[in-house]
Amino acid sequence: MGLKNPFKKVSPEEMKTKLAISEQRLTAREKELIKKQQKSRDEAKEALAKGNDREFRVASRRHSLVEGQVNTIGSMVEMAQSMSDVIEMQTGLKEVVEIGEDLGQWQKQLGFDTGKLESAVTNIRTSMEKVNTATSMMTTSMDAAMGGTTELNDMQDTLRAELLAELSSEQPAKDELSKKIESEMADSE
């Protein structure tokens, strides 16, 4: 059995198809994770309402981790969309370059200065290289985002404050909980 070359050049149409499939898969995964994120947020809120600090820490940690994944996948979806745009631009530019080369030949036959046309073609190629560089930079940014160093405690504190505010507006009649909320909010200020 022969091995497939993973670096084999693929056609723009094949790449667009692969990107569309990847984008759909990422979007589906993003939707799943958003549901998990909401569930863990609700669990954190419920634990906080019951005064169970340990369950809150577990649920808020899960919420923060899932939120990081949602953000990463969202960036990947944007990257796939950008890459599709690049492919479309590249296809159009390829046609322009071919036409430009033909025009250059015709100009030579007519005795015109082809230096200007060649300069334009070079500018088009340089522009494409810049687009490819931007794509590489997005990939590097994604790698950095996946290994994110966001402070979990800050995210948990933010979630705690947000949920405490919601709980205080929903259940002001519970004296014990109201006292705990007021004390938590005073501590965070």
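The rules we used
- Residues numbered from 1 in each chain as written.
- Predicted model: local features only at pLDDT ≥ 70, side-chain atom pairs only at ≥ 80, totals over all residues.
- Heavy atoms only, no water.
- Patch = residues over 30% accessible without salt bridge, like charges linked within 9 Å, V, L, I, M, F, W, Y side chains within 5 Å.
- Areas by Shrake-Rupley, 256 points an atom, 1.4 Å probe, with all protein chains shown as cover.
- Salt bridge = Lys/Arg side-chain N within 4 Å of Asp/Glu carboxyl O.
- Helix = DSSP H or I, 4+ residues; strand = E, 2+ residues; numbered from the N terminus.
- Buried < 20%, exposed > 50% of the residue type's maximum accessible area, 1.4 Å probe, protein only.
- Polar contact = N/O pair within 3.5 Å; in protein donor to acceptor, adjacent residues only side chain to side chain.
- pLDDT = per-residue confidence, 0-100.
- Expected span 1.5 Å × (residues − 1).
- Core = buried A, V, L, I, M, F, W, Y, C linked by side-chain atoms within 4.5 Å.
- Contact = heavy atoms within 4.5 Å.

**Q** How would you explain a nonpolar patch on the surface if you had to name every residue and give the values?
**A** Side chains of Ile99, Leu103 and Trp106 sit close together on the surface and give an oily, nonpolar patch of about 310 Å² of accessible area. Counting through the fold element by element, Trp106 comes out in helix 2 (residues 53–110). A residue is classified by how much of its surface remains accessible, and Trp106, at 48% relative accessible area, is partly exposed.

**Q** Give a description of the side chain of Ser60 that names residues and reports values.
**A** Topologically, Ser60 is positioned in helix 2. A polar side-chain atom of Ser60 sits 3.1 Å from the main-chain carbonyl oxygen of Arg57.

**Q** I'd love a proper account of the confidence of the model for the chain, names of residues and values included.
**A** Close inspection of predicted coordinates is inappropriate in any region flagged by low pLDDT. When the pLDDT values of the chain are averaged, the result is 80; 80% of them are 70 or greater. The weakest mean pLDDT in the chain belongs to helix 5 (residues 175–188) at 68; the strongest belongs to helix 1 (residues 12–50) at 92.

**Q** Account for the pattern of salt bridges, with residues named and values stated.
**A** Counted by the stated rule, this structure contains 10 salt bridges. Between Arg62 and Glu43 there is a salt bridge, and its shortest N-O distance comes to 2.8 Å. One end of the pair, Arg62, is in helix 2; the other, Glu43, is in helix 1, with 19 residues separating them in the sequence. With a shortest N-O distance of 3.1 Å, Glu46 and Lys50 are connected by a salt bridge. In this pair, Glu46 and Lys50 are both assigned in helix 1, 4 residues apart and thus about one turn of the helix distant.

**Q** Before we move on, could you go through helix 2 and cite the residues and values that matter?
**A** For helix 2, built from 58 residues, the straight-helix expectation of 86 Å at 1.5 Å per residue is met to within 8% by its first-to-last C-alpha distance of 84 Å. Sitting at the amino-terminal end of helix 2 is Asn52, which places a side-chain oxygen 3.3 Å from the backbone nitrogen of Arg54. Directly after helix 2, the chain includes Gly111, whose backbone phi takes a positive value near 90 degrees.

**Q** Please give an account of the nonpolar core that cites residues and values.
**A** One finds Ala44, Ala47, Leu48, Phe56, Ala59, Leu159, Leu163, Leu164 and Leu167 forming the largest nonpolar core, which totals 9 residues. Only helix 1, helix 2 and helix 4 (152–170) provide two or more residues apiece to this core. Excluding its chain neighbours within four sequence positions, the residues that come into contact with Phe56 are Ala44, Ala47, Leu48, Gln156, Arg160 and Leu163.

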